[in-house]
Structure formats: structure tokens, C-alpha cells
Amino acid sequence: MRKIIFTAIFIFTLLIQNLAGAVDYNSIDWGNAPRIGDKQTFINYIQNCENNCVTRIPVVFTNGLFVNVEECLKITKNSQYVNITWWNDSSGRPREALYELSIYPGARVAYAYLTGDNSILSGEEWQLYNVAVRIVNEANQKPTTLLKEHYIHEKITEMVTYYNTQINSKTPRHCNAIGALIDGRANCQGYADSFYMLGKMLGLNVGKMSGRANNESHVWNTITFGDGRIYAVDVTWDDASFTFADSGEYNNYIYFNAPLEIMQTTHSWEAAYNPTLYPQIDGRYFYYTKEFDDTGGRFFAFHSSTAENALGYIAQRIARDGWRLSWGMAPYDSRYADVKFALNRLVKEILPNRYHWYGSVKMNVATRGNWIYYTVDAKKNN
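Computed from a predicted model, the values in this text were never measured in an experiment.

Asks: Help me get a handle on the overall build of the chain, residues and values and all.
Replies: On a plain count of helices and strands, the chain comes out with 12 helices and 19 strands. Dimensions of the chain, computed from C-alpha atoms along their principal axes, come out at roughly 85 × 40 × 40 Å. Residues counted as buried form 52% of the 382 residues belonging to the chain. In the chain, of all internal contacts separated by at least 6 residues, the share reaching a separation of at least 24 is 61%. When the accessible surface of the chain is split by element, carbon and sulfur atoms take 45% of a total near 16,900 Å².

Laid out in C-alpha cells, this is it:
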């Protein structure tokens, strides 16, 4: 029987190439390898192995089933790349296969933390482990699950600058949590690996999704709450999306516990390999959270019934509370989606007429589906 070996790496594209070398067929205990003849059983089995950091996985296929590298990478969300060696049966169809996974460092650190098995960690992963433990201990001081989640979201955006370049390596550092939290630069994989690691360590039910955004391959996270509702968290797209003069960079939170109605406006994915997102905005979406009331609006933002009301509330916060930064969302209105119109309404009418407030204001306006999002930073005249 002829042996065929393929390797793939997922950075933003899939690279499949022939490899030299061989795996000894007789070195594998095929008697204890599972017999799998349907796709869903394979998905469940390979994901369970991946979640437990099992990296060498023999499978005996039946019913003509075979899962190739590209498809396996869509299934194994926490593997940077996959090697597959397979052996054909007498009819020439793949039958026995050995899957060798390279688990993301963040997933390995989370597994080590949760199980106490630190023996799997490399030197760099130990360094990452120590950084992660510090962040998780800080996050655990927050009183609610949403504030814990918000803390790690903020910590990642604070520590990481987006960076992406093609490197001739299976495991470029910027494509995982080592690059993100130690080097301070990462692509979407590094952001997602970091959020997955920290979320798991906090006891949150987090995962990953993969698909496309801006016509490029993209990876982001999911979070599932106790009632089974699943939301998306895209820390990459939330990071450093708004800048005011020399006061620093701020985040939008459009993709913080985002439901289907938000994600489908900018992201796309294959449903067969990804979880089903909750359809509509609810109280876990950043701008709708109860934590806004509990913390006086310092961390969580607000939603309004109209765009005019949103601007009014932003003006109130600027004038009354002295906060420079305000976030808000409102139902879509074509006039108020125009940043010039909305900014003039805020600065030239609402702030001076209602509050006698004068100063410099910068506004960012984003639209997603049926919603407008405002980020406003204000600085009062001396």
C-alpha cells in the first residue's frame, strides 16, 4: 500500500505541500484506534482530543469517510497546523490515518492551568503562563462575569498592537498568544489565542470561529453562557479603533458579545464548522449590559431609542460628569450616521445650548446593519 503525507499551515491561507519522511505504520496501536464512519463522530472525537492537548491521533476510517488537512483545520480551532499520514486500503481509498496536531500555545497554557499538568509547557509557554496567571488573578477581582470578560478584552488590546506579515515558518510568534502577550504584536490568531487562553483560565466557556472579514481569512472568539446563548467576541476588530489627539487610542465594542445580527454585516463563515450565534442583541451585548448601571457608565456604554437621544446623553455625560470618553449606540438614522451632521449637532447646538460647554470634540461613527455606534472624546477649553 502507498503512503501519502500532507502538511498544512493556517496563517491567513492554507498551504498544503508534500513532505519527505515516513511514519512507521507498525508503531501505532491500531487495535485501540477508534473506527469512525461519519463526519460528526470525527468532529466530536478530534475536538475532544484537541481540547485535552492530545496531539498524535490515529483513526481508522469506515464507510469511505476521510477528512483531509483543509477540512481538519476548519474543525480543529486550536491547532496551528495539522500533519496527516494515511495508508490506503486494497481498493486505494484512505483507511488508517494519523493526525498530528500542533496546538496553539495559549490553548496549551490554559490546559496546563486547568489540569495542573505543567509538564507539557515549553520555556516560552512557561513565560506566557506566568503572564496569563497575573492577568487572570487581576480579572478575578471583578465582581461579575461580564466585567471579568471585559477586563481580559481590555488587557489584550492594551498589550497588543496588530501586526501581520508572511513568515516562512509553521509557528510564527505573532500568530499566537506568545507574540501577543510577550512580544506585544499579533495578528487575529494571536488575539484570539490570547482571549481563548485567558477566558478558559477564568472559567468562561470560550471558543473560536473562523471565516472571512474584509475579504481575508480571519479568526475570532465565541463565548457561551449558562443558558446556551452563544455570542462572538472579536478583540482584533475592537482594538484601537478610535484616537483623539495625544490622549491615546480607545476601543469600540461593536464586537463584544455580538449576536448574529451584528456579525453577519461584516463577517462570514461556514455554518458547518462554526457554532450558531444568538440571533439578536440582548443584555449581554456591550452597549446593553446591566454593568453600565452598576458602574456608573465608567466601563460599559449605553443604548438609546433614537440617535438624537444618544447625542443628548453623550452631551450630558461630557458636561455633568467630566468624562472625556463616551460610547453609545442607537437605531440607524441616515442623517445621524453622517459624522459631520452628528458632530455639528453635538458641538454647535446641544453642548453650548443645554450645558454652556465649549471645547474640542472628536467623534467616530460606525454603522452595522440597523445600528449606529458613536465614540466621542471631548476636551474642555481652558
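Asks: I'd like a rundown of the nonpolar core, residues and numbers included.
Replies: The biggest cluster of nonpolar side chains holds 110 residues, and the ones touching the most others in it are Tyr99, Met197 and Tyr374. Residue contributions to this core peak at seven residues, all from helix H4 (residues 123-139). With near-sequence residues (within four places) excluded, Met197 lies in contact with Gly106, Val109, Ala110, Leu128, Ala132, Ala177 and Leu181. Core analysis: the second largest hydrophobic core is formed by seven residues, Ile28, Trp30, Trp87 and Leu98 among them.

Asks: How would you explain the sheet that holds strand E9 (residues 205-213) if you had to name every residue and give the values?
Replies: As summarised here, the arrangement of the five strands in space is E14-E11-E10-E9-E15, forming an open sheet in which the pairing is antiparallel. Edge positions in the open sheet fall to strand E14 (256-258) and strand E15 (267-268), since each of these has one partner strand only. Bridge analysis of strand E11 (residues 230-233) against E14 gives two bridges, and the strand direction is antiparallel. Looking at the pairing, Ala232 lines up with Ala258 of E14. With respect to the sheet, helix H5 (residues 145-159) is in contact with strand E10 (216-224), E11 and E14, its orientation differing from that of E14 by roughly 110°. Packing against the sheet, helix H7 (residues 188-201) makes contact with E9, E10 and E11, and its axis sits at approximately 10° to E10.

Asks: Could you give an account of the sheet that holds strand E16 (residues 302-303), with specific residues and numbers?
Replies: Taking strand neighbours across the sheet as the criterion, the four strands line up as E16-E17-E19-E18 in an open arrangement whose pairing is mixed. The open sheet is flanked by E16 and strand E18 (359-368), the only strands paired with a single partner. In this sheet, strand E17 (residues 325-331) lies alongside E16 in parallel orientation, the contact comprising two bridges. By the bridge assignment for E17, Phe302 is matched with Gly328. Contacting E18 and strand E19 (371-380), helix H12 (residues 339-355) runs over the sheet at an angle of about 140° to E18.

Asks: Could you give an account of the side chain of Thr236, with specific residues and numbers?
Replies: Along the polypeptide, Thr236 turns up in helix H8 (residues 235-238). Residue Thr236 is classed as buried on the basis of its relative accessible area, which comes to 13%. Aside from chain neighbours lying at most four places away, what touches Thr236 is Tyr162, Cys188, Tyr191 and His218.

Conventions we followed
Residues numbered from 1 in each chain as written. Predicted model: local features only at pLDDT ≥ 70, side-chain atom pairs only at ≥ 80, totals over all residues. Heavy atoms only, no water. Helix = DSSP H or I, 4+ residues; strand = E, 2+ residues; numbered from the N terminus. Buried < 20%, exposed > 50% of the residue type's maximum accessible area, 1.4 Å probe, protein only. Contact = heavy atoms within 4.5 Å. Areas by Shrake-Rupley, 256 points an atom, 1.4 Å probe, with all protein chains shown as cover. Core = buried A, V, L, I, M, F, W, Y, C linked by side-chain atoms within 4.5 Å. Pairing = 2+ DSSP bridges. Axes fitted to C-alpha atoms, helices over the stretch in contact; angles between N-to-C directions.

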